[in-house]
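Structural overview for review
Listed below are the residues making up each chain.
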Amino acid sequence: MLNDSAKSFIPKGIEFSIDLLSKESIDDIQIKFKVDGRKSYQYEYLNLDNFLENESLKYFFSTERSSSYIPPGSKLTYFFEIFFKDGTSHVTEKKEHIFLDSRFEWEKVEGEIVTIYYHGPVSRRAKKMLEACEDSVYKISDLLGVEKNENISVMMYNNYSEMFDVVVKKSETQANSLITEGQAFATENVVLVDGGSGSALGVATHEITHIIVARATKSSYLGVPLWLNEGLAEFGNIEQGQGYDRYLEWAIDTGRLFPFSSLNRFPGNPNLTLVAYGQSKSFVEFLINNFPEGSMIKLMKEISNKKSIEDSFISSFGVSLDDLEIQWKKDLGIIDRKNETSTSSELNNGALGSCNGGSMGFELSSIILLLLAYFVKKKVNN
Ligand SMILES: [Zn+2]
């Protein structure tokens, strides 16, 4: 029997090691591992030149590049395959392990579905977060027709600087101007959240909802329009602020609403991003409150079956997305005054600052990475 192990050095990486008596008869050794939720195994070759007698042979897998990123809290299955010079090979026993952020000593509280990992004297906060997340999982699963839930790991950090090194940063600009409050990794079933933030429960439940949306739409998750995904996530947010509503009002008054068919991507301008969130939230609420209970379940099923968004809406809600949008605008009283609004006024940074009391949360999503994050601006006036 060969002794082997793996150790987390996240955010830097993961170290795999195996004990060998000698390297004489060995041609190659591979470490093969799969992140739970991802489709395939990946493998790397160990360097036999590094072999030293009486020491384990190690392979360090860096998780610092975005292409090899693994969020802390991920479960990995791994094994080694040793290829001998005589053409035979040996596969070590498969092992499973959850890899946490190596910089802290973690404790956990477990619910039926969710496990909250935390460190330091914050067990009461962790329990509160567990309750909120479990409630959200059940509520949103009912709404979207998810019958069975796999476990979800929530890594609760104590402040932003702790979380900074481990979140995926989209760009330098973003890292300089935004604070990430939370990130959801739907494939890996992991949520990262800044538990020290005032809106931690809201952020955690928003992110958990993204994971349930992914489950409700299975492999067609990429087919979920961003506005629908974010609208549902804000519906699942148990601490909704007033911020998005104010941006929605501003957009209505200044004729800046976007057609939902254009909101597969959100605009880069922060003010307009907040508008996109605000109208997505409002529209999803309208759909949930004004149509029969099973409509959202049907919509998720249709998207899962890879129907187009247009067809999915018609078969679930009985009318097209455009018609639903008109109904929503009527409900808000927008349609009648549409023609008298001005489009010339600009919301400047001062006006942005005046919304400070509400939710300033603003999120950028990369559909390709299946990664959904929750940001707040670092400084309101910069
Ligand atoms: Zn989101």
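Residues numbered from 1 in each chain as written. Predicted model: local features only at pLDDT ≥ 70, side-chain atom pairs only at ≥ 80, totals over all residues. Heavy atoms only, no water.

A few words on the packing of aromatic side chains. Tallied over the entire structure, the rule returns 23 aromatic pairs. With a centroid separation of 5.2 Å and 25 degrees between ring planes, the pair formed by Phe16 and Phe33 is classed as stacked. Taken together, the positions of Phe16 in strand E2 (residues 13–18) and Phe33 in strand E3 (residues 26–35) put the pair 17 residues apart, joining distant regions of the chain. Look at Phe16 and you get buried, because its relative accessible area is 0%. Phe33 gets classed as buried once you look at its relative accessible area, which sits at 0%. The rings of Trp227, Phe260, Phe283, Phe286, Phe291, Phe313, Phe317 and Trp328 are connected pair by pair, giving a single aromatic cluster. Sitting over the face of the ring of Phe235, Lys139 holds its NZ or CZ atom 5.0 Å from the ring centroid. (Phe/Tyr/Trp six-rings, centres within 6.5 Å; stacked < 30°, edge-to-face > 60°. Helix = DSSP H or I, 4+ residues; strand = E, 2+ residues; numbered from the N terminus. Buried < 20%, exposed > 50% of the residue type's maximum accessible area, 1.4 Å probe, protein only. Lys NZ or Arg CZ within 6 Å of the ring centre and 35° of its normal.)

Counting residues in each nonpolar core, the largest one holds 70 residues, and the members touching the most others are Trp227 and Met296. Among the elements that make up this core, the one with the highest residue count is helix H4 (residues 200–216) (ten residues). The contacts of Trp227, once residues within four sequence positions are left out, are Phe260, Leu263, Phe266, Ser280, Phe283, Val284, Leu287, Phe313 and Leu321. (Core = buried A, V, L, I, M, F, W, Y, C linked by side-chain atoms within 4.5 Å. Contact = heavy atoms within 4.5 Å.)

With that settled, the discussion passes to the sheet that holds strand E1 (residues 4–8). Taken together, three strands build an open sheet; the order of strands is E1-E2-E5 and the sheet is antiparallel. Here the strands that pair on one side only, and so sit at the sheet edges, are E1 and strand E5 (57–62). On average, each strand axis in the sheet is inclined to that of its neighbour by 15 degrees, with strand direction left out of account. Where E2 and E5 come together, six bridges link them in antiparallel fashion. From the neighbouring strand, Phe16 faces E5, where its bridge partner is Tyr59. (Pairing = 2+ DSSP bridges. Axes fitted to C-alpha atoms, helices over the stretch in contact; angles between N-to-C directions.)

With that settled, the discussion passes to the packing of helix H1 (residues 123–144) against helix H5 (residues 226–236). Where H1 meets H5, the closest approach of the two axes is 10 Å, and the angle between their N-to-C directions is 135 degrees. Taken together, H1 and H5 sit at an angle that is classed as oblique. In the packing of H1 onto H5, the handedness of the crossing is right-handed. Between H1 and H5, the contacting residues are Ser136, Lys139, Ile140, Leu143 and Leu144 on the first element and Leu232, Phe235 and Gly236 on the second. (Parallel < 35°, antiparallel > 145°, perpendicular 65-115°, else oblique. Left-handed = near helix turned anticlockwise from the far one by under 90°.)

The next point concerns the confidence of the model for the chain. Parts of the model with low pLDDT should not have their predicted coordinates read in detail. For the chain, the average pLDDT comes to 85, and 84% of its residues sit at 70 or higher. Below a pLDDT of 50 lies the segment residues 173–177, which in the model reaches eight contacts outside its immediate sequence neighbourhood of four places, other chains included. This stretch, residues 377–382, has a pLDDT under 50; its non-local contacts, to residues over four places away or in other chains, come to 18 contacts. (pLDDT = per-residue confidence, 0-100.)

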